[in-house]
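Listed below, chain by chain, are the residues.
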Amino acid sequence: LFGVANGATIENLNIVSARILGIATYGGILVGTAVNTTITNIRINGTFKGEAVVFGGLIGYANPATITEILVEVAIDNSAEYSGLLTGSSNSPSTHTRCFVAGSIVNTIVAVGGLSGSSFVASYTDCASQLTLADTPENAGGLIGYSFFPSITNCYSASTLRALEKIGGLIGDDNRAGGTFLNSY
């Protein structure tokens, strides 16, 4: 819908049967790149097929974004680097609160997560993921594929994952950096 949102507030949208085909650096059904943006009460269902360095069902690249009350149901076929049902990549100080995602991801080659493909010092509270993932080489997580100091509170994953290495129910690879994990499974 939007290539770039900078300092924007996006709220109260219902996007039904979105179908995106294409190539992009940062791609998302709602926003490709969100900078200092607040996104609230969004519902999305749809599909993406193509190549994006970073692709998310809601946002490709959040740097940073405040994301609240989100429901995303998508199927992603992204033959590039990072994919997540919610965000492809979320950077500090992005926050994700009361987000539910469900869907599938195929063909991503670096990192895949139910919520975020990669996450750098971002926080997730009261979120859930139902990701079906097949044949990713590495960094596959039910919540986050590749992370650096995440804060995860009251989140769960009911995901089915297949990857060659660095696979986890919550985090695929935490870069040995740690983070905060409370009441999450």
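Everything numeric here is computed off the predicted structure, so don't read it as measured data. (Residues numbered from 1 in each chain as written. Predicted model: local features only at pLDDT ≥ 70, side-chain atom pairs only at ≥ 80, totals over all residues. Heavy atoms only, no water.)

## Regarding the overall build of the protein
Then, in step 1: A tally of regular secondary structure across the protein gives zero helices and 20 strands.
Then, in step 2: Across its three principal directions, the C-alpha atoms of the protein cover 35 × 30 × 25 Å.
Then, in step 3: Contacts spanning at least 24 positions in sequence make up 81% of the contacts within the protein whose residues lie at least 6 apart.
Then, in step 4: Total accessible area on the protein is roughly 7500 Å²; 52% of this is exposed by carbon and sulfur atoms.
Then, in step 5: Side-chain charges in the protein split into 7 positive and 12 negative, and the spacing between the mean points of these groups amounts to 3 Å. (Helix = DSSP H or I, 4+ residues; strand = E, 2+ residues; numbered from the N terminus. Contact = heavy atoms within 4.5 Å. Areas by Shrake-Rupley, 256 points an atom, 1.4 Å probe, with all protein chains shown as cover. Lys, Arg positive; Asp, Glu negative; His and termini not counted. Charge placed at Lys NZ, Arg CZ, Asp CG, Glu CD.)

## Some words on the side chain of Asp 77
Then, in step 1: Residue placement: Asp 77 occurs in strand β6 (residues 65–78).
Then, in step 2: For Asp 77, a relative accessible area of 19% corresponds to the buried category.
Then, in step 3: Filtering out sequence-adjacent residues up to four positions away, Asp 77 remains in contact with Phe 48, Lys 49, Gly 50, Val 106 and Asn 107. (Buried < 20%, exposed > 50% of the residue type's maximum accessible area, 1.4 Å probe, protein only.)

## Considering the pairing of strand β15 (residues 144–148)
Then, in step 1: For β15, the tally of buried residues reaches four of five residues, placing the bulk of the element in the interior.
Then, in step 2: Relative to β15, strand β11 (residues 116–120) runs parallel, the two sharing four bridges. Residue pairing across strands places Phe 120 opposite Phe 148, the latter belonging to β15.
Then, in step 3: Here β15 pairs with strand β19 (residues 171–173) via two bridges, running parallel. Residue Ile 144 lies in a different strand from β19, and its bridge partner there is Ile 171. (Pairing = 2+ DSSP bridges.)

## Some details on the sheet that holds β15
Then, in step 1: Pairing in this open sheet of seven strands is parallel, and the strands run β1-β3-β5-β8-β11-β15-β19 from one edge to the other. Single-partner strands in this sheet number two, and they are β1 (2–6) and β19. Adjacent strand axes in the sheet meet at a mean angle of 20 degrees, parallel and antiparallel pairs treated alike.
Then, in step 2: The sheet contact formed by strand β8 (residues 87–91) and β11 spans four bridges and is parallel. Bridging across to β11, Ser 89 finds its partner in Ser 118. (Axes fitted to C-alpha atoms, helices over the stretch in contact; angles between N-to-C directions.)

## So, the environment of Ser 17
Then, in step 1: Checked against the element boundaries, Ser 17 lands in strand β2 (residues 9–28).
Then, in step 2: Each C-alpha atom, one on Ser 17 and one on Asn 45, is 5.5 Å from the other, the two residues being 28 residues apart in sequence.
Then, in step 3: Not counting residues up to four positions away in its chain, the partners in contact with Ser 17 are Asn 45 and Gly 46.

## Considerations on the pattern of salt bridges
Two side chains with opposite charge may pair up if their charged atoms get near one another.
Then, in step 1: Under the criterion given, the structure shown has three salt bridges.
Then, in step 2: Residue Arg 98 pairs with Glu 69 through a salt bridge whose shortest N-O separation is 2.3 Å. Here Arg 98 is found in strand β9 (residues 95–106), whereas its partner Glu 69 is found in strand β6, with 29 residues between them in sequence.
Then, in step 3: With a shortest N-O distance of 3.6 Å, Lys 166 and Asp 173 are connected by a salt bridge. (Salt bridge = Lys/Arg side-chain N within 4 Å of Asp/Glu carboxyl O.)

## Quick word on the side chain of Thr 37
Then, in step 1: With respect to the helices, strands and loops of the structure, Thr 37 is situated in strand β4 (residues 37–56).
Then, in step 2: You can call Thr 37 buried: its relative accessible area is 2%.
Then, in step 3: In terms of polar contacts, Thr 37 uses its side chain to reach the backbone carbonyl oxygen of Val 35, at 2.9 Å.
Then, in step 4: Leave out the neighbours within four places in its chain, and Thr 37 touches Ala 5, Asn 6, Gly 7, Ala 8, Ile 10, Pro 64, Ala 65 and Thr 66. (Polar contact = N/O pair within 3.5 Å; in protein donor to acceptor, adjacent residues only side chain to side chain.)

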